[in-house]
Amino acid sequence: MFANLRALIGLLTREQRRRLLQLQGLVVLMAFAEVGGVLAIGPFMALVGDMSRLQGDGVLAELYAASGISEPRDFLFWMGVGVLVALALSAVISVLAIWRLTLYGQQLGAELSIRLYRHYMAQPWLFHAGGSSTRLVSNIAQETQRITDTLISPLMRMNAKAATATCMVAALVLFNPLVALIGLAVFAVCFVGLYGAVRARLAANGRAVSRSQVARYQLMAEGFGGIKDTLLLGRQAMFNQRFEAASRRYGRAQGVTKALAQVPRYLVELVAFGTVIFLVLYLLAAHEGNLGTILPLLSVYALAGFKLLPAFQQIYASVALMRGNISAFETVQQDLKASRGQEQPSTRTAPGGEQSSTAQAPAKLVPQEAVALSNVTFHYPGKEQPALDSVSLTIPAQQVIGLVGPSGSGKSTAIDLLLGLVDPQQGELRVDGQPLAGPRKRAWQNAVGFVPQAIFLADASIRENIAFGLPSDEIDEERVRRAAHMAHLDELLEQLPAGLDTRVGERGIQLSGGQRQRIGIARALYDDADVLILDEATSALDGITERQVMQAIHDFAGSKTIIMIAHRLSTVRRCDRIYLMQQGRVVDQGRYDELVERNATFQRMAAHS
Ligand code: ADP
Ligand code: MG
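What comes next is a walk through the structure. Just so it is clear, the structure is predicted and the values come from calculations on it, not from any experiment.

1. Notes on the overall build of the protein
- When helices and strands are tallied, the protein shows 21 helices and 10 strands.
- For the protein, the spread of C-alpha atoms along the principal axes amounts to about 120 × 50 × 50 Å.
- For the protein, buried positions account for 44% of its 609 residues.
- Restricting the contact set of the protein to residue pairs at least 6 apart, pairs at least 24 apart contribute 73%.
- Working note: accessible area of the protein is about 32,000 Å², and carbon and sulfur atoms make up 59% of it.
- On the protein, the mean spot of the 58 positive side-chain charges and the mean spot of the 51 negative ones are 7 Å from each other.

2. Examining the site of ligand 1
- Surveying the vicinity of ligand 1 reveals the residues A129, Y380, K383, A387, P406, S407, G408, S409, G410, K411, S412 and T413.
- Here an oxygen atom of ligand 1 and a side-chain polar atom of K383 are 3.2 Å apart.
- For ligand 1, whose free accessible area comes to 560 Å², the fraction covered by protein is 67%.
- The element that contributes the greatest number of residues to the shell around ligand 1 is helix α12 (residues 411–418), accounting for 3 residues.
- Classifying every residue of the shell around ligand 1 by side-chain character gives 4 nonpolar, 6 polar and 2 charged.

3. Things to note about a positive patch on the surface
- Taken together, the side chains of R14, R17, K337 and R340 define a basic patch exposed on the protein surface.
- Along the chain, the position of R14 falls in helix α2 (residues 14–49).
- Residue classification places R14 among the exposed positions, given a relative accessible area of 73%.

4. Things to note about the pairing of strand β7 (residues 531–535)
- Among the 5 residues of β7, 5 are classified as buried, and the element is accordingly described as predominantly covered.
- Taking every second residue as pointing to the same face, both faces of β7 are buried, with V531, I533 and D535 on one and L532 and L534 on the other.
- Bridge analysis of strand β6 (residues 448–451) against β7 gives 4 bridges, and the strand direction is parallel. Residue pairing for β7: F450 is matched across the bridge by I533.

5. Some words on a nonpolar patch on the surface
- Side chains of I41, M45, V48, L84 and L87 sit close together on the surface and give an oily, nonpolar patch of about 440 Å² of accessible area.
- At the level of secondary structure, the elements contributing two or more residues to the nonpolar patch comprise α2 and α4 (72–121).
- By residue number, the principal contributor to the nonpolar patch is α2, which donates 3 residues.
- Mapped onto the secondary structure, L87 falls in helix α4.
- Look at L87 and you get partly exposed, because its relative accessible area is 32%.

6. With respect to the side chain of E143
- If you trace the backbone, E143 turns up in helix α6 (residues 133–175).
- If we ignore the near neighbours within four places in the chain, the residues touching E143 are S138, S210, A328, T331 and V332.

7. Things to note about unusual backbone geometry
- Positive phi, normally seen in glycine, also occurs at S390, with a value near 45°.
- Not every positive phi belongs to a glycine, and H488 is a case in point at roughly 60°.
- Tracing the backbone through its elements, the reader meets H488 in the loop between α15 (477–486) and α16 (490–495).
- Take H488: its relative accessible area is 27%, and that puts it in the partly exposed class.

8. Regarding the packing of α4 against α6
- Two numbers describe how α4 lies on α6: the axes approach to 9 Å, and their chain directions differ by 150°. With respect to each other, α4 and α6 are oriented roughly antiparallel. For α4 against α6, the interelement crossing comes out right-handed. Contact residues: L101, Y104, G105, Q106, L108, G109, L112, S113, L116, Y117 and Y120 in α4; L136, N139, I140, T144, Q145, I147, T148, D149, I152 and M156 in α6.
- Here the residues of the contact of α4 with α6 sort into 12 nonpolar, 8 polar and 1 charged.

Thresholds, definitions, all that
Residues numbered from 1 in each chain as written. Chains lettered and ligands numbered in written order. Predicted model: local features only at pLDDT ≥ 70, side-chain atom pairs only at ≥ 80, totals over all residues. Heavy atoms only, no water. Helix = DSSP H or I, 4+ residues; strand = E, 2+ residues; numbered from the N terminus. Buried < 20%, exposed > 50% of the residue type's maximum accessible area, 1.4 Å probe, protein only. Contact = heavy atoms within 4.5 Å. Areas by Shrake-Rupley, 256 points an atom, 1.4 Å probe, with all protein chains shown as cover. Lys, Arg positive; Asp, Glu negative; His and termini not counted. Charge placed at Lys NZ, Arg CZ, Asp CG, Glu CD. Near = heavy atom within 4 Å. Polar contact = N/O pair within 3.5 Å; in protein donor to acceptor, adjacent residues only side chain to side chain. Nonpolar A, V, L, I, M, F, W, Y, C, P; charged D, E, K, R; others polar. Patch = residues over 30% accessible without salt bridge, like charges linked within 9 Å, V, L, I, M, F, W, Y side chains within 5 Å. Salt bridge = Lys/Arg side-chain N within 4 Å of Asp/Glu carboxyl O. Pairing = 2+ DSSP bridges. Axes fitted to C-alpha atoms, helices over the stretch in contact; angles between N-to-C directions. Parallel < 35°, antiparallel > 145°, perpendicular 65-115°, else oblique. Left-handed = near helix turned anticlockwise from the far one by under 90°.

See the structure below:
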């Protein structure tokens, strides 16, 4: 576990580590101040009980003589003030330390989650296509908080108490080594034994918490995401049952971990009192019943025990809490490591991007001759069959190209490669004959507008959805209106009382599939892309609307490069060139009438559309 904690500290940034070290110093100072504050009361009380101490040759008497105060009562008053100041100082240090400690913990949690979010946002498309987003959500929302609340904070508390305990034990050893060591051994054996008994359970609990947490997030996402199917199929009971099981597992594991951290104190108190009784009996026997010599000794041990017991308990509770939650670190360790010192990925800037973070307008790579996939082969990870098998496609600039074929034939994959979202295992993507790499790829993506099969609508107004991802003060109203008009959204907007301000998405109005897709098309047009790629973008539109939208798209023919995937052959009838795909290969190409004439598959498809 301590190796893991070291690894965790090692993964923090230099700045975070520096602040941690500072805080650690403050926390140790707080421990000393606390002990010092309590100990300062001792001499004061002794003096109150016995003013004659000012005479003779004790430390107090020397202090009294040195102070030059003539009245013992005045001396007592000023000593009281001195003790009060010491206590106040100790309180100020404690307040400062706790304040900074709490803030640091929460800020570190926030910083770790920012770092993970950035890291996940920078991952390529395949990472997201093949992974589960709920796992990422759980890591960002839950596990980073667990790391600070149950690993970093207890670690600091533990160190503080260890400082107090060491201080105390050292004083005791100086006072009477034998008694101190025996007492320490009893405490140590007690806590180490307890910890040994529960550590396996704690570790198992920690993993159970992590697992059940992911399961809970997943069930929430599936349950609410697929609510229509759930209602229709009457599967609520199943979801409820699975959620209940996961939540109970979570509650139980977390509860047992917390209880195991708290409960042993009562056992240990028992041991502590047993030791005191044993000590009294031993001292009585050793000093032949002379109470006068035993009482001062006993009061020292009692005071030490009074400070030591909570210190040990806090140390134990911290260790138990960390042991029970170290799995939180294990789940994100790799991602935290990978996200360290990561360069900021280049971002796509807003059109006319002078307001955006990078000062210059985004570089665009607009194809002048052609975009081409040359001899490209691509396997999805873990799949036997290649999704694309030696595919060569040429898309001449400013032409309209259709991509057709049965579902599963690799059309969407070919588009992902064209977009530069995935890299092929063989072959390459070329723009104007040049392979794309590095900044040229970003520039190419800046020139492309993409309308996917399923449009993601953010929980925002139609305007914000058209200018997707831009903060509202950077949205260009004129562009929004033009894009909406070109995507044939005018009629819909007129029906809506709030027009472009109508909220859509999660908590907004429900849109039909065709309306969603037109918002997606407007989104691609907002950026004034030079290359438009549509993946079955019009498949949910009715015949008339589709014809209107297609007309709008064909209006760009000659000025934009357009690639469209379509189910219905009527959609691609007017394309300059059509590629027919089957099982990851391009099996034929040509104009619509050519293909209808010579290709049997194409004829079958034409007959059914
Ligand atoms: P189309 O768009 O023509 O319907 P796709 O390009 O989506 O076809 O899919 C081609 C093949 O790749 C299919 O066999 C599909 O199962 C597989 N595939 C698509 N996406 C993934 C993915 N993220 N992971 C694994 N396999 C995938
Ligand atoms: Mg597809």
